[in-house]
Amino acid sequence: MNIPRIPVGDVIESSINFLVEHFSFATKAFSAFLEAGLDVVEGVMKACPPWAFIIIVGLITWKLAKSKRTTTFAVAGLLLIWNIGLWKATVSTIALVIVATMLALMIGIPIGILAAMNKHINRVVMPVLDVMQTMPAFVYLIPAIPFFGLGKVAAIFSTIIFAMPPSIRLTCLGIKQVPSELVECAEAFGSNRWQRLFKLELPIATPTIMAGVNQTVMLALSMVVIAAMIGAKGLGGEVWKAIQRLQMGKGFEAGIGIVIVAMIMDQVLQKLGSGKK
């Protein structure tokens, strides 16, 4: 007995081709806007001398983390990256991660709030997040190429999609974990839904939301090497180049650079999220 094959792949491919054909004007406008924004961020960072950039990062780290160990590690780590000749690649990676993370949070946090406020939206969003978080990272490169072509914009698009789920899920979780007694108390004093959200639920949920922000940044950094396959460049590009040329030492140097950037961001965000001084 021959069972007809369900054309799942054909349907998905046809859908992508339809979107590319009929909405190319939107993707081109988004691509131009995103590329201009990335160029500005990257240009400002590259215009700053490495020593000045390291001092600024050290001061910001101290201001946010209030930790001598974290600040010392940030300065020493960036000095090592500068010393091994990966400064430009690192700045390019940081700019890409900043832009991708900001866009992921601008989309993800409002969706998480809506999912927490509306059970119907929650029922739709959560299964989608399950699919997004279990989908192999390489799959996100497939729609990025026909929509945006090879380059940094396609890399940012795939990074946004890959890194967004934690910000949605943990924002929703944080708001839902606000004690019902406090919510009832706010309602008893006449607070409407939006007053309750901004004055009670979001402040209490901030540590959980910050954990989502932290995870989003880490996922964005983990996507850097994969996104290098479609033109992300930066440290991921250096790793990809080393793989192609079998340059093990240079590959590990670029990998160490990614680890240093990730650890600096992780430590700062953890301290910021915990609220410890």
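Residues numbered from 1 in each chain as written. Predicted model: local features only at pLDDT ≥ 70, side-chain atom pairs only at ≥ 80, totals over all residues. Heavy atoms only, no water.

Some remarks on the confidence of the model for the protein
Low-pLDDT portions of the prediction should not be read for the details of their coordinates.
Move 1: Considering every residue of the protein, the mean pLDDT works out to 86; 98% of them sit at 70 or more.
Move 2: Per-element confidence in the protein is highest for helix α9 (residues 165–176), whose mean pLDDT is 92, and lowest for helix α7 (residues 141–148), whose mean pLDDT is 80. (pLDDT = per-residue confidence, 0-100. Helix = DSSP H or I, 4+ residues; strand = E, 2+ residues; numbered from the N terminus.)

Details of α7
Move 1: By the burial criterion, the buried members of α7 are Leu141, Ala144, Phe147 and Phe148. The arc that holds every buried residue of α7, seen down its axis, measures 130°, which confines them to one face.
Move 2: Where α7 is buried, its residues contact α1 (8–22), α2 (24–47), α8 (152–163) and α11 (193–227).
Move 3: Positive backbone phi, approximately 75°, marks Gly149, located one or two places after α7. (Buried < 20%, exposed > 50% of the residue type's maximum accessible area, 1.4 Å probe, protein only. Arc of directions from axis to C-beta. Contact = heavy atoms within 4.5 Å.)

Remarks on the packing of aromatic side chains
Move 1: Taken as a whole and judged by the stated rule, the model has four aromatic pairs.
Move 2: Both rings, one in Phe53 and one in Trp87, keep their centres 5.4 Å apart while their planes meet at 85°; by these two values the pair is edge-to-face. Linking Phe53 in helix α3 (residues 50–65) with Trp87 in helix α5 (residues 87–117), this pair joins segments that are 34 residues apart in sequence. For the pair shown, Phe53 and Trp87 are each scored as buried.
Move 3: Consider the rings of Phe147 and Phe157, whose centres lie 6.4 Å apart with planes at 65°: the pair is edge-to-face. Residue Phe147 is located in helix α7, and its partner Phe157 is located in helix α8; the two are separated by 10 residues in the primary sequence. Note on accessibility: Phe147 and Phe157 belong to one class, buried. (Phe/Tyr/Trp six-rings, centres within 6.5 Å; stacked < 30°, edge-to-face > 60°.)

Let's talk about the environment of Glu253
Move 1: Here Glu253 is to be found in helix α13 (residues 248–274).
Move 2: Residues Glu253 and Val75 lie 178 residues apart in sequence; the distance between their C-alpha atoms is 17 Å.
Move 3: Residues in contact with Glu253, not counting those within four places in the same chain, are Ile84 and Leu86.

So, unusual backbone geometry
Move 1: Here Lys66, not a glycine, exhibits a phi torsion of approximately 55°, which is positive.
Move 2: On the secondary structure map, Lys66 appears in the loop between α3 and α4 (68–83).
Move 3: Even without being a glycine, Leu246 presents a positive backbone phi close to 55°.
Move 4: With respect to the helices and strands, Leu246 occurs in the loop between α12 (234–245) and α13.
Move 5: In this structure Leu246 comes out as exposed when scored by relative accessible area, which is 74%.

Some points on the nonpolar core
Move 1: Ile156 and Leu221 are the most contacted members of the largest nonpolar core, which has 74 residues in total.
Move 2: It is α5 that contributes the most residues to this core, 15 residues altogether.
Move 3: The residues touching Leu221, leaving out its near neighbours within four places in the chain, are Thr93, Val97, Ile258, Val261, Ala262 and Met265. (Core = buried A, V, L, I, M, F, W, Y, C linked by side-chain atoms within 4.5 Å.)

Remarks on helix α6 (residues 119–134)
Move 1: If you check α6, its first and last C-alpha atoms are 23 Å apart, about what 16 residues at 1.5 Å a residue would give, namely 22 Å.
Move 2: Looking at the buried residues of α6, the elements they touch are α5, α8 and α9.
Move 3: Where α6 begins, one side-chain oxygen reaches toward the backbone nitrogen of His120, 2.8 Å away; that side chain belongs to Asn118. (Expected span 1.5 Å × (residues − 1). Polar contact = N/O pair within 3.5 Å; in protein donor to acceptor, adjacent residues only side chain to side chain.)

Observations regarding the packing of α6 against α9
Move 1: Axis separation between α6 and α9 bottoms out at 10 Å; the angle between their running directions is 140°. Put simply, α6 runs oblique to α9. For the element pair α6 and α9, the recorded crossing hand is left-handed. On α9, the residues touching Asn122, Val125, Met126, Leu129, Asp130, Met132 and Gln133 of α6 are Pro165, Pro166, Ile168, Arg169, Cys172 and Lys176.
Move 2: Split into classes, the residues belonging to the contact of α6 with α9 amount to eight nonpolar, two polar and three charged. (Axes fitted to C-alpha atoms, helices over the stretch in contact; angles between N-to-C directions. Parallel < 35°, antiparallel > 145°, perpendicular 65-115°, else oblique. Left-handed = near helix turned anticlockwise from the far one by under 90°. Nonpolar A, V, L, I, M, F, W, Y, C, P; charged D, E, K, R; others polar.)

Brief notes about the packing of α2 against α8
Move 1: Packing of α2 against α8 brings their axes to within 9 Å, and their N-to-C directions diverge by 95°. By the criterion of interaxial angle, the relationship of α2 to α8 is roughly perpendicular. Counting all contacts with α2, which are made through Ser31, Leu34, Glu35, Leu38 and Glu42, the residues of α8 involved are Lys152, Val153 and Ile156.
Move 2: The class makeup of the residues in the contact of α2 with α8 is four nonpolar, one polar and three charged.

So, a nonpolar patch on the surface
Move 1: There is a patch of nonpolar side chains on the surface, built from Trp51, Ile55, Leu59, Leu79 and Trp82 and spanning about 540 Å² of accessible area.
Move 2: Among the elements of the structure, α3 and α4 are those that each provide at least two residues to the nonpolar patch.
Move 3: Here the nonpolar patch takes three residues from α3, the largest share from any one element.
Move 4: Mapped onto the secondary structure, Leu79 falls in helix α4. (Patch = residues over 30% accessible without salt bridge, like charges linked within 9 Å, V, L, I, M, F, W, Y side chains within 5 Å. Areas by Shrake-Rupley, 256 points an atom, 1.4 Å probe, with all protein chains shown as cover. Salt bridge = Lys/Arg side-chain N within 4 Å of Asp/Glu carboxyl O.)

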